[in-house]
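Letter by letter, the chains look like this.
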Amino acid sequence: MTQVPSAPQEAQHTAPALLLRNATVLDGLAPEPLPARDVLVEGDRIRALAPTGELPLPDVVPPERLRVLDCTGHTVLPGFFDCHVHMSTCPDADRFDTLMAPESLLTLRSVPALAATLDAGVTSARDLAGADSGFRTALEAGHVRGPALQIALRILSITGGHGDWRTVRGTPLDSGPGAGVVADSPAGFVRATREVVREGADWVKVAATGGMTSPRRTPEAGGLTEAELRAVVEEAERHGVVGVAAHAQGAAGIAAAVRAGVRSIEHGYLVDEPTLQEMGERGTYLVPTLSALTRPLPEDPEDGPSPQTRRRRRIRETALERLSAALTSGVRVALGTDAGIAPHGGNLRELALMVRLGLSPAEAIAAGTSVAARMCRLDDEVGAVRPGLRADLVVTDVDPLADIEALGRPGAVHTVIQAGRIVKNTVATAGTGGERAA
C-alpha cells in the first residue's frame, strides 16, 4: 500500500481536500504518461500521487472533507507557465487610442486578459514589460483572477534602441509602468538596473538587439554593448533577482547576450550555430515566442506594406529555420508566447508550434511546465505533478501526446486548479460517487 506523508493534526481536520481520481498523469518530468493515477490535494499542495485505489483515504482525509473529481478518460498535467507575456498590452488596440488612454484604463483592460490566460491552463507567467508590482500583489491577494506573475516592469534600452519609444523630437510615446528606460554606458545601466529592482522587479529585461516592431532598429541592429550587458548581469546577480532576460533577435546581439551571462534569450530568431553551442554549454534558456513570430500578417494598404510588415516577411522564414535548429540542438527551451503581441488566452497553441519545429510533444509539455519553472527558479514550487509541490494542475479530455494541437483549442482545458483551489470548473455532478470531468 502506498505510504502517504502525514499532515499536521490541525491540517488533517480543517484543510480542504480534493481527490482527482483515475486520471492519466503527465507529470511534466517523465516522457511517458502514468495511467490510472489518483492525485490527492490538501490545502495548496499535492499531498500524494498513487495508482488508483491505493491511497488509504479514510486514514488520511475524513470523507466529509474530501471532494472527488472523477478523471476517467482525462489527463492531468501541471499548470502551465508562459514565460513571455505582456498582460497590460492588447494586440488589437489602436496605438493612438492607447497613447491617449489614462493609465487606469490600460490596467483595467488587462483584467479579462489575465482571466483568459488562467482559463487556458496557464497558472504562472512572466511579464516582460508592462505589469508593475501592483499586478503581482493583486493576483496574490485574489483581487483578480489570473496566473501568478513574475515581472520585469520595463525594458532597458540604448538611445534609439528597441525600448526607446520617443519621437525624433524626443516626445515619449510610451508611459506608465511599462515604459522603456534609456541609458548609454555600463554605469548608466547599473543605475537603471537598480531602479527596476527598487520598483519590485523579479527579472531585468534588456534590449540586446532591435526588433520586429522597433521604430528605428531592425532585428539585426545592435542594442546594449557586451560591456553594458555584463554590467546589468552583474548588478542583477548582486541584488538577487531571478535573472536577466534579453530581447535578442539578430545573431550578433544574441551571441553578445549569451557571452555576458544572461539567463534567457527572448525570441532568438536568427541565432547561429556557434551561439547555440555556447548556450548549451552555459545552460542559457531560449524562449522562442513562436506565437508572435507566426501571427498573421496584416493586409497591405494601397500604398504598400509598412516597414514592420516588410521586416516580418523578410525575417520569418529564416527565423523558423534557425529556431528549428535551436529546438533540435538540445538547448534548454521554455514556453513563451509574447501574448499581448499575440492574442491572450491562446497560450497553449505555442506547444504545437514547438512540436512543428522539432520538439516531441512530451518535450513541448516540459518546456511549458518543469523547464519553465526551472528557468524561473520555481521548480521547488511548481512545474510538475509531484507530492510536496504547489497544486497547480489542469485537467483535459485531450491526449496531448497524440494530439498536442488540440490542447491549444478553446475549451480543451476543462478544469484549472491553482494553489489547490478550483479556479475554472466545467464539471458536472455525478451522484454520490463524486464529480466527473465534463
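Rules used in this analysis
The residue numbering used here restarts from 1 in each chain and proceeds along that chain's sequence as written. For this predicted model, a pLDDT threshold of at least 70 governs which residues receive local features, and a threshold of 80 or more governs which side-chain atom pairs are given and counted, while totals over whole chains, interfaces and linings are taken from all residues. Excluded from the side-chain calculation are hydrogens and water; included are all heavy atoms of the structure. To qualify as a helix, a DSSP run of H or I must reach at least 4 residues; to qualify as a strand, a run of E must reach at least 2; elements of each kind are numbered from the N terminus. Within these notes, the globule rule equals 2.2 Å times the number of residues to the 0.38 power, and the radius of gyration is based on C-alpha atoms. Only the protein chains shown count as cover for residues, and all accessible areas are computed by the Shrake-Rupley method using a 1.4 Å probe. Only protein chains enter the calculation, and the probe is 1.4 Å; a residue is then buried if its accessible area is under 20% of its type maximum, exposed if over 50%, and partly exposed in between. Counted as a polar contact is a pair of N or O atoms within 3.5 Å, where, for protein atoms, one must be capable of donating a hydrogen and the other of accepting one, and residues adjacent in sequence contribute only when both atoms are in side chains. The contact criterion used is simple: two residues touch if any of their non-hydrogen atoms lie within 4.5 Å. Note: two strands are recorded as paired if DSSP finds a minimum of 2 bridges between them. Structural elements are reduced to axes, namely lines fitted to C-alpha atoms, with helices fitted over the stretch in contact, and the angle between N-to-C directions of any two is expressed from 0 to 180 degrees. Orientation categories follow fixed angle ranges, with anything under 35 degrees roughly parallel, anything over 145 roughly antiparallel, 65 to 115 roughly perpendicular, and all other angles oblique. Crossings are classed by handedness, with left-handed meaning an anticlockwise turn of the near helix from the far one by less than a right angle and right-handed meaning a clockwise turn. Amino acid classes used here: Ala, Val, Leu, Ile, Met, Phe, Trp, Tyr, Cys and Pro are nonpolar; Asp, Glu, Lys and Arg are charged; the rest, including Gly, are polar.

A description of the overall build of the protein chain should follow, citing residues and the corresponding values.
Along its length, the protein chain carries 15 helices and 20 strands. For 438 residues, the compact-globule estimate of 2.2 N^0.38 gives 22 Å, and the protein chain sits close to it at 22 Å. A principal-axis box enclosing the C-alpha atoms of the protein chain has dimensions of 70 × 45 × 40 Å. Accessible surface, the protein chain: about 18100 Å² in total, of which carbon and sulfur atoms supply 53%.

Account for the environment of Leu270, with residues named and values stated.
For Leu270, the location among the structural elements is in the loop between β13 (264-267) and α10 (273-282). The class for Leu270 is buried, based on a relative accessible area of 15%. Between the C-alpha atoms of Leu270 and Thr318, which are 48 residues apart in sequence, the distance is 7.2 Å.

Give me the lowdown on the side chain of Ser370, citing residues and values where you can.
For Ser370, the position within the fold is in helix α15 (residues 370-375). A distance of 2.5 Å separates a polar atom in the side chain of Ser370 from the backbone oxygen of Gly28. Residue contacts for Ser370: discarding those within four places in its chain leaves Gly28, Leu29 and Gly383.

How would you explain helix α13 (residues 349-356) if you had to name every residue and give the values?
Taken together, the buried positions of α13 are occupied by Glu350, Leu351, Ala352, Leu353 and Met354. Once α13 finishes, Gly358 follows within two positions and takes phi at roughly 130°, a positive value.

Describe the sheet that holds strand β11 (residues 203-207), and please don't skip the residues or the numbers.
Pairing in this open sheet of 7 strands is parallel, and the strands run β10-β9-β11-β12-β13-β14-β15 from one edge to the other. The sheet is open, and its two borders are formed by β10 (181-182) and β15 (332-333), each paired with just one other strand. Alignment of strand β14 (residues 285-287) against β15, held across 2 bridges, turns out to be parallel. Note on β15: the bridge partner recorded for Tyr285 is Arg332.

Let's hear about the sheet that holds strand β6 (residues 80-85): which residues, and what values?
As summarised here, the arrangement of the 3 strands in space is β6-β7-β8, forming an open sheet in which the pairing is parallel. The outermost strands of the open sheet, each flanked by one partner alone, are β6 and β8 (148-151). Averaged over neighbouring strand pairs, the angle between their axes works out to 20° when direction is ignored. Across 4 bridges, the pairing between β6 and strand β7 (residues 122-127) is parallel. By the bridge assignment for β7, Val85 is matched with Asp127.

How would you sum up the packing of helix α8 (residues 226-239) against helix α9 (residues 251-260)? Please name residues and give values.
One can describe the packing of α8 onto α9 by two numbers: an axis separation of 9 Å at closest approach and a directional angle of 40°. One finds that α8 runs oblique with respect to α9. Judged by the sense of rotation from one axis to the other, the crossing of α8 with α9 is right-handed. On α9, the residues that touch Glu226, Leu229, Arg230 and Val233 of α8 are Ala256, Ala257, Arg259 and Ala260. When grouped by side-chain class, the residues that make up the contact of α8 with α9 number 5 nonpolar, no polar and 3 charged.

Provide a residue-level description of helix α5 (residues 110-119), including the pertinent values.
Those residues of α5 not exposed but buried are Ser110, Ala113, Leu114, Ala115, Thr117 and Leu118. Of the surrounding secondary structure, the elements contacted by the buried residues of α5 are α4 (103-108), β7, α6 (133-141), β17 (413-418) and β18 (421-425). Following α5 by one or two positions, Gly121 adopts a phi angle in the positive range, close to 105°.

Run through the environment of Val371, naming residues and quoting values.
Residue placement: Val371 occurs in helix α15. Separated by 37 residues in sequence, Val371 and Ala334 place their C-alpha atoms 5.9 Å apart. Apart from the residues within four sequence positions on either side, Val371 is in contact with Tyr285, Val333 and Ala366.

Can you explain the environment of Gly180? Please cite residues and give values.
Looking at where Gly180 falls in the secondary structure, it is placed in the loop between β9 (155-157) and β10. Distance in space between the C-alpha atoms of Gly180 and Ala120 is 29 Å, their sequence separation being 60 residues. Contact partners of Gly180, with chain neighbours within four places excluded, come to Ile155, Gly163 and Asp174.

All quantities given are derived from atomic positions and should not be read as evidence of function.
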